Amino acid sequence: MAATIRRQRPRRLACWALMALLLADLLALSDTLAVMSVDLGSESMKVAIVKPGVPMEIVLNKESRRKTPVTVTLKENERFFGDSAASMAIKNPKATLRYFQHLLGKQEGNPHVALYRARFPEHELGFDPQRQTVHFQISPQLQFSPEEVLGMVLNYSRSLAEDFAEQPIKDAVITVPAFFNQAERRAVLQAARMAGLKVLQLINDNTATALSYGVFRRKDINTTAQNVMFYDMGSGSTVCTIVTYQTVKTKEAGMQPQLQIRGVGFDRTLGGLEMELRLREHLARLFNKQRKGQGAKDVRENPRAMAKLLREANRLKTVLSANADHMAQIEGLMDDVDFKAKVTRAEFEELCADLFERVPGPVQQALQSAEMNLDEVEQVILVGGATRVPKVQEVLLKAVGKEELGKNINADEAAAMGAVYQAAALSKAFKVKPFVVRDAVIYPILVEFTREVEEEPGVRSLKHNKRVLFSRMGPYPQRKVITFNRYNHDFNFHINYGDLGFLGPEDLRVFGSQNLTTVKLKGVGESFKKYPDYESKGIKAHFNLDESGVLSLLRVESVFETLVEDSPEEESTLTKLGNTISSLFGGGTTPDTKENGTDTVQEEEESPAEGSKDEPGEQAELKEEVEAPVEDTSPPPPTEPKEAAVPEEEKATEKENEEKPEAQKPSEKKEAGSEAAPPAPEEEKKQKPARKQRMVEEIGVELVVLDLPDLPEDELAHSVQKLQDLTSRDLEKQEREKAANSLEAFIFETQDKLYQPEYQEVSTEEQREEISGKLGAASAWLEDEGFGATTVMLKEKLTELRKLCHGLFFRVEERKKWPERLAALDNLLNHSSMFLKGARLIPEMEQIFTEVEMTTLEKVINETWAWKNATMAEQAKLPTTEKPVLLSKDIEAKMMALDREVQYLLNKAKFTKPRPRPKDKNATRAEPPLNASASDQAEKVIPPPGHTEDAKPISEPEKETGSEQADTEPLELEGPGAAEPEQKEQPTGQKWTLKNDEL
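Computed from a predicted model, the values in this text were never measured in an experiment. Residue positions are counted from 1 within each chain, in the order its sequence is given. In keeping with the predicted nature of the model, local features appear solely for residues at pLDDT of at least 70, side-chain atom pairs appear and are counted solely at 80 or more, and the whole-chain, interface and lining totals rest on all residues. Computation of side-chain values: all heavy atoms of the structure, hydrogens and water removed.

**What to know about the overall build of the protein chain**
Phase 1: Tallying secondary structure elements over the protein chain gives 29 helices and 30 strands in all.
Phase 2: Out of the 999 residues in the protein chain, the part that is buried amounts to 42%.
Phase 3: We call two residues in contact when some of their heavy atoms are within 4.5 Å. Look at the contacts in the protein chain between residues 6 or more apart in sequence, and 71% of them connect residues 24 or more apart. Numbering goes from the N terminus for both helices and strands, where a helix is a DSSP run of H or I of at least four residues and a strand is a run of E of at least two. The buried label goes to any residue with under 20% of its type's maximum accessible area, the exposed label to any with over 50%, and the partly exposed label to all in between, with areas taken from a 1.4 Å probe on protein chains only.

**Description of the pattern of salt bridges**
Phase 1: Salt bridge, as used here, is a side-chain nitrogen of Lys or Arg placed within 4 Å of a carboxyl oxygen of Asp or Glu. In this structure the tally under the stated criterion is 42 salt bridges.
Phase 2: The network of salt bridges with shared partners includes Arg119, Glu274, Arg278 and Asp354.

**Re the sheet that holds strand S15 (residues 254–267)**
Phase 1: Strands sit in the order S18-S13-S14-S15-S19-S22 across an open sheet of 6 strands; the sheet is mixed. In this open sheet, the two edge strands, each paired with only one partner strand, are strand S18 (379–383) and strand S22 (475–476).
Phase 2: Paired strands, as defined in this entry, are two strands with at least two bridges between them according to DSSP. Of the strand pairs in this sheet, strand S13 (residues 226–233) and S18 are connected by 5 bridges, and their pairing is parallel. Following the sheet pairing, Tyr231 is matched in S18 by Leu382.

**Quick word on the packing of aromatic side chains**
Phase 1: By convention, a stacked pair of Phe, Tyr or Trp rings (six-membered ring in the case of Trp) has centres within 6.5 Å and planes under 30 degrees apart, an edge-to-face pair has planes over 60 apart, and any other such pair is tilted. Under the defined criterion, the tally for this structure stands at 29 aromatic pairs.
Phase 2: Note on Phe179 and Phe180: the rings are 6.0 Å apart at their centroids and 70° apart in plane angle, and the pair reads as edge-to-face.
Phase 3: We classify Phe179 as buried; its relative accessible area is 5%.
Phase 4: A centroid spacing of 6.5 Å and a plane angle of 80° characterise the contact between Phe266 and Tyr443, whose relative ring orientation is edge-to-face. Here Tyr443 lies in the loop between strand S19 (436–440) and strand S20 (445–456) and Phe266 lies in strand S15, a separation of 177 residues in the sequence. When sorted by exposure, Phe266 lands in the same class as Tyr443, which is buried.
Phase 5: Through a chain of ring-to-ring contacts, the aromatic side chains of Phe179, Phe180, Phe266, Tyr443, Tyr497, Phe502 and Phe511 assemble into a single cluster.
Phase 6: Its end group placed over the ring of Phe502, Arg472 keeps NZ or CZ at 3.7 Å from the ring centre.
Phase 7: Against the face of Trp781 rests Lys797, its NZ or CZ located 5.0 Å from the ring centre. A positively charged side chain is recorded as over a ring if its NZ (Lys) or CZ (Arg) lies within 6 Å of the ring centre. The angle to the ring normal must also be within 35 degrees.

**Focus: the side chain of Lys106**
Phase 1: Here Lys106 shows up in the loop between strand S7 (96–98) and helix H3 (111–119).
Phase 2: Residue classification places Lys106 among the buried residues on the basis of a relative accessible area of 3%.
Phase 3: Among the polar contacts listed, one links the side chain of Lys106 to the side chain of Glu184, at a separation of 2.5 Å.
Phase 4: If near-sequence neighbours (up to four positions away) are discounted, Lys106 is found in contact with His112, Val113, Thr133, Glu184, Arg268, Val510 and Leu708. Polar contact is the term for a pair of N or O atoms within 3.5 Å; when the atoms are in protein, one must be able to donate a hydrogen and the other to accept it, and sequence-neighboring residues count only if both atoms are side-chain atoms.

**Describing the sheet that holds strand S10 (residues 142–144)**
Phase 1: Reading across from one edge, S8-S9-S10 is the order of the 3 strands in this open sheet, with antiparallel pairing throughout. Looking along the sheet, the strands with just one partner apiece sit at the ends: strand S8 (125–128) and S10. Taking the axes of each pair of neighbouring strands and ignoring which way they run, one obtains an average angle of 40° across the sheet.
Phase 2: Note that strand S9 (residues 133–139) and S10 share 3 bridges and pair antiparallel. The partner of Ser139 across the bridge, within S10, is Leu142. Interaxial angle, 0 to 180 degrees, is taken between N-to-C directions of lines fitted to C-alpha atoms, where a helix line uses only the stretch in contact.

**Observations regarding the environment of Glu78**
Phase 1: You can see Glu78 is positioned in the loop between strand S5 (71–74) and strand S6 (79–81).
Phase 2: Spatially, the C-alpha atom of Glu78 lies 8.4 Å from that of Lys733, the residues being 655 residues apart in sequence.
Phase 3: In contact with Glu78, other than residues within four places in its own chain, are Thr73, Arg729 and Lys733.
Phase 4: Looking at Glu78, its side chain comes within polar contact range of the side chain of Lys733, at 2.2 Å.

**Overview of the confidence of the model for the protein chain**
Phase 1: You can read pLDDT as the predictor saying how much it trusts each residue, on a scale of 0 to 100. Model confidence for the protein chain is summarised by a mean pLDDT of 80, while 75% of its residues fall at 70 or above.
Phase 2: Within the model, the stretch residues 26–31 combines pLDDT values under 50 with 3 contacts to residues more than four positions away or in other chains.
Phase 3: Note that pLDDT drops below 50 for residues 926–999; the model gives that stretch 38 contacts with residues more than four away or on any other chain.

**Focus: unusual backbone geometry**
Phase 1: That bond from Tyr476 to Pro477 is cis: its omega, 10°, falls within 30 degrees of zero.
Phase 2: Counting through the fold element by element, Pro477 comes out in the loop between S22 and strand S23 (478–484).
Phase 3: Of note in this structure, Met56 is not a glycine but carries a positive phi near 55°.
Phase 4: Here Met56 lies in strand S3 (residues 54–58).

**Points about the nonpolar core**
Note on soluble globular proteins: their nonpolar side chains tend to be buried together.
Phase 1: Buried Ala, Val, Leu, Ile, Met, Phe, Trp, Tyr and Cys residues form a nonpolar core when they are joined through side-chain atoms within 4.5 Å. Grouped together as the largest cluster of nonpolar side chains are 128 residues, with contacts concentrated most on Phe230, Tyr245, Phe484, Phe493 and Phe543.
Phase 2: The next biggest cluster of nonpolar side chains, apart from the first, holds 45 residues, and it includes Leu309, Leu320, Ala328 and Ile330.

**Details of helix H11 (residues 361–370)**
Phase 1: Inspection of H11 places Pro362, Val363, Ala366, Leu367, Ser369 and Ala370 among the buried residues, and these make up the whole buried set. Along the axis of H11, the buried residues cluster in a sector spanning 165°; they form a single face.
Phase 2: If you follow the buried residues of H11, they end up packed against S13, strand S14 (238–250), S15 and helix H12 (390–400).
Phase 3: Looking one or two residues past H11, Glu371 carries a phi angle of roughly 55°, positive in sign. Arc, as used here, means the arc of the directions from the helix axis to the C-beta atoms.

**Quick notes on the pairing of S5**
Phase 1: Alternating positions in S5 separate into two faces, Thr71 and Thr73 on one and Val72 and Leu74 on the other, with burial throughout.
Phase 2: When S5 meets S7, the two strands line up antiparallel, connected through 3 bridges. Within S7, the position partnered with Thr71 by the bridge is Arg98.
Phase 3: Strand direction decides the pairing type here: S5 and S6, joined by 3 bridges, are antiparallel. For Leu74, the partnering residue across the bridge sits in S6 and is Arg79.
Phase 4: Count of turn residues in the S5/S6 antiparallel hairpin: 4 residues.

And the structure:
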């Protein structure tokens, strides 16, 4: 027994360990039961969530609106977000920040920074000498970077989502414009980190829109490619995207729909904001013209007046989209002077004529990048709020040459819904239908490096090489490997943007630095010294362009290989045991798999940085030559004229395909020899081929960021702490306001209750005067000293008043509950008495309740009646101003006790089976029917000597079809099933008569 317990103990420990792991997974999963998406626009944002029971829902803000302005008002002691901040823009325009996303990832000399200063001169932009960026200088003690302001907005969006979902949320998918470069995307990720969000993905807003369109039209997607153009004109920019929908075969889920971004065109400054600024300028000129000659100041010099004009311009643009003219009017625009002017749609279109001419530009860019024409595009769909301007639709319709423009998508919420669908797909807590998304690289990325070459004997020169890493419009996420074959010492290489010729001169200036990173490798020479007898396979740099479109260098390795021979004598016992077990379960390895088993399987696409090795005989010669890509000015090697024109992806594939047959030759020879004649064990050991042994040495990497340095970790931690302090201050302020409102509301409500009849009935005049005096003193204190009181002081004052009024409120509440509780108690007592009376009337033969059970129920009923009558009599003697003795909680307790006894008996009656009726021994046997045959009457079982028929009781049937049949026609057990037990006790020679037809 002890040995058995010892054997079972490890199993129990393993079960407990497994249960602990499952519980840990469930706890980790419970923190991510809800995910959110943030469609971060220039002017407003939309937040969507997915949680169990709520599939893809737009979050309502505190004003019950589905769209929230991306506006922040920052003061010394408080912050405002959303609509509250938008209303504060007129009162305090300097502290109200809008359209700050245009400054993300921009250095001080960027044209967009100068454009922001011109559009919003009320904001003071400071200079950060360390990162060469700008920040908002609210006051001498208050300054925030654009990343910190965006972090505040993201934190506010999370609070809205958590209030809507009623649970904490950490995982999010955030939309960004498709034209964001590496610096801008990293800035958004830093802002999300400051907000404490875990970013599942930065998804392009055009991709999110296309995903939303495809998800709700899944049934319309088939194997035939469908090209759809999305024209998205928002507040700050315009993006045109060509998307191809079709079903493709996947390894995991079979045929599934897929969207592929084929072409993208954009205009960074074409949007509704520029139209509103034109209208604001027009209204400012009209106002100055009206006040001309009065010696008044220019309205442009008044930030508050310009904020009012911008708000009116926004309203005017919306109204003119549906009307031919409208009257713009502002009360007290400046110096208590009202403004009123009529603006027509024709004037508005004339003001924005140059903007409307730029509408077809993104369409042409998208077609050019997709290498398509308009005839291949089946439909053009409008997205974004600015596409509601009639002139924009007119110009676009003429540019695309279609009969009509598609408006069958929610122009404001499509991106948010697509992003939240992607968030659910990336989350572990949800399972959605697969939808393959293949996004495209907008800006190509390449690797550049230089190397000394000896063109002539004794003459060495530097050769500049370029290698495209991620080509334009190539899919991502993707991993790639670049191999440097000609370096045995430390060297540097550069990661830069590729050909940006598709951008105009102004876009190139806005784009910023075209150099991304300089990579300095350390430890290359030491790795060669460490493995002098190994053959170098090059220095391999692993790159990753993740789902967010952010490039990262994963690692750099120095790879070496050599051929080693396996000696059977050196094989360890554990290895032999493992091979034996593997062979038993069908996992034995063939010689071919053993030979290739040491090579690491690479998921990345590998591209040689300095040419490929086509033939084994030319490897040594090719190692000294560097293949020149298309960007290289030097001529290609004469031995490889055909390979230079092959794309890099195909070249990498060819290299892998050529290396595989070489690796398989020894195994093929061995298999051929084994088929011819099985060798002896000694000969097999001698003829065992050599295998490749790969050694990988990690190389030290130092990265020098050239486009925009990231925030150092200490500054990032400081920003995170600063935002957390602001959030804590806001929460404390909200808690104090809540406590003050609760105290004030309690004072007013209680003062009003003192004059109500139901409260005067249960209180004396002295009690009411005492309570009224305390309430008046608290009200005076709240008005005089309440503004400086802390949250704790307010809560203590409220607790003191509630304690004073507790007796009064308790007496009133009890009297309100008495009628309902007493009626329920009387009803239960009556039903229980009727049930007990019915239970006692059950015949003794059919009784299912015991005497103890019925006596117990009767006792509880009598006790309850007695308690009720006594308590009510005692309560009637007490004055109404005293504490009552008849309490609602006591009534509920008595009802629960009585109901428990009744329910016990009801459950017993429900599940108790009826007792079988005993057979009457004196009953006469039924006579056989008159028409019974003689053979039937002759088939009678003859009992053995010494036994009578009545010696054994007749058994009840297993299933009765009716009580009458069981009473009148009892079933006689005949045959071997019933006779066999008795047959063992009979003397030899005696036999039973069996009815064979019943066997």
